[in-house]
Every structure is written in structure tokens, then in C-alpha cells.
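Topology and contacts: notes
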Amino acid sequence: MDLVQLEIFKAVAEQGSISAAAQLIHRVPSNLTTRIKQLEQDLGVELFIREKSRLRLSPAGWNFLDYARRILDLVAEARLTVAGEEPQGPFALGSLESTAAVRIPALLAAYNQQYAKVELDLSTGPSGTMIEGVLSGRLVAAFVDGPVRHPALEGLPVFEEEMVLIAPLGHAPITRAREVNGESIYAFRANCSYRHHFESWFTQDAAVPGKIHEMESYHGMLACVSAGAGLALMPRSMLESMPGCATVSVWPLSPRFRFLRTWLVWRRGTVSQSLSSFVKLLEERGAVLAEI
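What you see as residue numbers is a count from 1 along each chain, following the sequence as written. In view of the model being predicted, local features appear only for residues whose pLDDT reaches at least 70, and side-chain atom pairs are presented and counted only at 80 or more, with totals across whole chains, interfaces and linings using the full set of residues. Heavy atoms throughout the structure, all of them, feed into the side-chain values; hydrogens and water do not.

In the annotation of an unreviewed UniProt entry, the entry for the protein reads Transcriptional regulator, LysR family, and the organism field reads Pseudomonas saponiphila. UniProt positions are given in the numbering used here, feature names are shortened, and annotations may be inferred rather than shown by experiment. Per UniProt, the protein has the following entry under Sequence similarities (unreviewed entry): "Belongs to the LysR transcriptional regulatory family."

Have a look at this one:
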């Protein structure tokens, strides 16, 4: 097995066909076919399921693609380190929507200014989606609700968020979940850690929410709650950043559920120059919290 085989395998896996991969890496298709077969013989497994003119990754192929990406990324990083060059190239970062909107805009601006050769690409979504992106290699790192206890991930706590319950103006005081048993709530998709937190708040008080309306943004949640249609949970920092925040009533949660920590996580053992510089900037700005 050599780096050329890994590069060819990665290209074929991502393009889904020999011909498309050959055009991408400027090689003849027959060469790619031969190198892929040699790699499969070397590993003793079939990496692809052949279907006429297209190839699909086998289960073994999906596992191997993750390792191939990591190896190639480390080789590229090693070359830059030996050359003594500053961070450069693609840096795919993921983030919770609230973190992206409130906590990191100034940080990203400073990073772009300091490391102009880095191509920073920001994606937002629920914690579950962001973690999947890091594990698959699609994202270098991501801001997620933590702590994240996954053997393939490591990271550090960076922000503390106060979670608040919002209700329509004039709603009766809310001090516990039983007081809003059966009321409709607005939340992100099922893989959102904040939604799980909200549902746990109900469960611990032997209460259950009514209909759960899945929304795509905090602005949508705020608008629905303001209109008197239900409840929502969100970080106080996010709420206070939005126009219309005064159109709802705000209720703190009990101490057990009131605060959550946001973590920056990445694949264990895959810290690149770009990521190291990003973490250093976080530390310089006092964003890194002490672990409990």
C-alpha cells in the first residue's frame, strides 16, 4: 500500500466512478482500475460493490475511507510542518447555530485576518449532525453541546450557555415542567442535543410535552412562541441577540438544567496546524473553560 493508492482510492470513493476520478486526478482509467484491484488484494477485502458503470463503497470500504482521509491529511500536514509554512488550505468547521450566530463571529474574523491562506468553511446544524461530520472526516472540528464521550473524539470546553424557557407574554409563571405538562413545544430535529435537554427537563418532573413542532431556526421558534403557540428552549445569549426578544416571557430552569457547556471537538490524534492555530486563538481570547 502506498500514498498513490490511497489518493486513487479516495478519489474513486468520492466520485463514485473510475472515469470521473480519472479526470479529477489526471490519470488514465485503466491505471486507476489496476491500482484499486492491487489495493484490494493487498488488504484482502473488496472495497467497492461493482454495479455496471458505477462503484459503491462496501462496508469495509467506508471504514477504510475514513483511515485513508486521515492518513492523507496527516501527510499533507507533515509536509507543511517540515517546510515551516504557516497554516493553509481547507479548514471545514462545524458549529451549533447559536454558537455561530453569537459566540464566534469575531473569532472567525480574527482567524481569517491572521491566517489568510486558510480556506475556512463554516457549516451549522444540530450537535448530532456536527459530530457525524467530524467522525466522517467531512469536518475538521465542530462546536457542539458537551461533554462528548466518544472514543474517537477529543476536545475542550469553550463556552457556557444559560438555557432559558420562553413562553408567550402573559403566560403563568413557570418554575417546573409539570406546570406546562402537555403544552406544545418548538425544537430542532431529533438529533439536537438542546431538544434532548428540553425533553429531559420534562421527564425528570414526570411531565410530557404536547406536540413537538420541528423548526429550522431560532428565529422561527421565537416568532411562533411570540404568537402564543407554545414554548421553546434556547440559550439566553441567542435570545438576547434577536429582534423581538421582548415579545416573549423568559423563565430560568432549575439549577440542574440551567447551564450547558459548548465544546470544540475533533478526531482524536488529528490536530492539524490550522486547528492548532484556531485553538490557540480561542485560548488567547479567554474562551477556553476549565474542565470540571
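Here's the deal with the packing of aromatic side chains
By convention, a stacked pair of Phe, Tyr or Trp rings (six-membered ring in the case of Trp) has centres within 6.5 Å and planes under 30 degrees apart, an edge-to-face pair has planes over 60 apart, and any other such pair is tilted. Applying the stated rule across the entire model yields 12 aromatic pairs. Ring centres 5.2 Å apart and planes at 80° place the aromatic pair Trp 201 and Phe 202 in the edge-to-face group. Neither Trp 201 nor Phe 202 differs from the other in exposure class; each is buried. Three or more aromatic residues link up through ring pairs in this structure, and these residues are Phe 91, Tyr 111, Tyr 115, Phe 143, Phe 159 and Phe 278. When accessible area is computed with a 1.4 Å probe and restricted to protein chains, residues below 20% of their type maximum are described as buried, those above 50% as exposed, and intermediate ones as partly exposed.

Things to note about the pairing of strand β3 (residues 89-95)
For a regular strand, the rule is simple: side chains alternate between the two faces of the sheet. Most of β3 is tucked away, with 6 of its 7 residues classed as buried. Here, any two strands with at least 2 DSSP bridges between them count as paired. Helix numbers and strand numbers start at the N terminus; a helix is a DSSP run of H or I with at least 4 residues, a strand a run of E with at least 2. Direction of pairing for β3 relative to strand β4 (residues 118-124): parallel, over a ladder of 7 bridges. What sits directly across from Gly 89, in β4, is Val 118.

Here we look at helix α12 (residues 273-284)
Counted at 1.5 Å a residue, the expected span for α12 with its 12 residues is 16 Å, and the 16 Å between its end C-alpha atoms agrees. Among the residues of α12, those classed as buried are Gln 273, Ser 274, Leu 275, Ser 277, Phe 278, Val 279, Leu 281 and Leu 282. Given the number of residues in a helix, its expected span is that number minus one, multiplied by 1.5 Å.

Quick look at the pairing of strand β5 (residues 141-146)
Taken across its 6 residues, β5 has 6 buried, putting it largely inside the fold. Inspection of the sheet shows β3 paired to β5 by 3 bridges, in the parallel sense. Among the inter-strand pairings, Ser 95 is bridged to a residue of β5, identified as Phe 143. One ladder, built from 6 bridges, connects β5 with strand β11 (residues 259-267); its direction is antiparallel.

Regarding the domain arrangement of the protein
Each assigned domain of the protein is listed with its residue range as follows: domain 1 (3-82), domain 2 (86-159 + 260-285) and domain 3 (161-259). Just the C-alpha atoms count here: the centres of domain 1 and domain 3 sit 46 Å apart. Domain extents, as shown, originate in an automatic or database domain assignment.

So, a nonpolar patch on the surface
Taken together, Met 1, Leu 43 and Val 45 make up a surface patch of nonpolar side chains, about 240 Å² in accessible area. Here Leu 43 is to be found in helix α3 (residues 29-43). A patch consists of residues exposed above 30% relative accessible area that lack any salt bridge, with like charges linked at up to 9 Å and nonpolar side chains (Val, Leu, Ile, Met, Phe, Trp, Tyr) linked at up to 5 Å. Note on areas: Shrake-Rupley, 1.4 Å probe, and residue coverage restricted to the protein chains presented here. Salt bridge, as used here, is a side-chain nitrogen of Lys or Arg placed within 4 Å of a carboxyl oxygen of Asp or Glu.

Thoughts on the environment of Ser 98
Within the element layout of this structure, Ser 98 appears in helix α5 (residues 97-103). By relative accessible area, which is 1% here, Ser 98 ends up buried. In what follows, residue pairs with any heavy atoms lying within 4.5 Å of each other are defined as contacts. For Ser 98, the residues in contact, after removing those within four places along its chain, are Arg 103, Tyr 194, Tyr 218, Pro 235 and Met 238.

Topic: the nonpolar core
In these notes, a set of buried Ala, Val, Leu, Ile, Met, Phe, Trp, Tyr and Cys residues joined through side-chain atoms within 4.5 Å is what counts as a nonpolar core. Grouped together as the largest cluster of nonpolar side chains are 34 residues, with contacts concentrated most on Ile 166 and Trp 201. Mapped by element, the contributors of at least two residues to this core are β6 (153-168), β7 (185-187), α8 (193-203), α9 (218-226), β9 (231-235) and α10 (236-241). Here this core takes 5 residues from β6, the largest share from any one element. For Ile 166, the contacting residues outside a window of four places in its chain are Leu 222, Val 225, Gly 230, Leu 231, Ala 232, Met 234, Leu 239, Val 248, Ser 249 and Val 250. Among the nonpolar cores identified, the runner-up in size contains 23 residues, and Ala 100, Phe 143, Phe 278 and Leu 282 belong to it.

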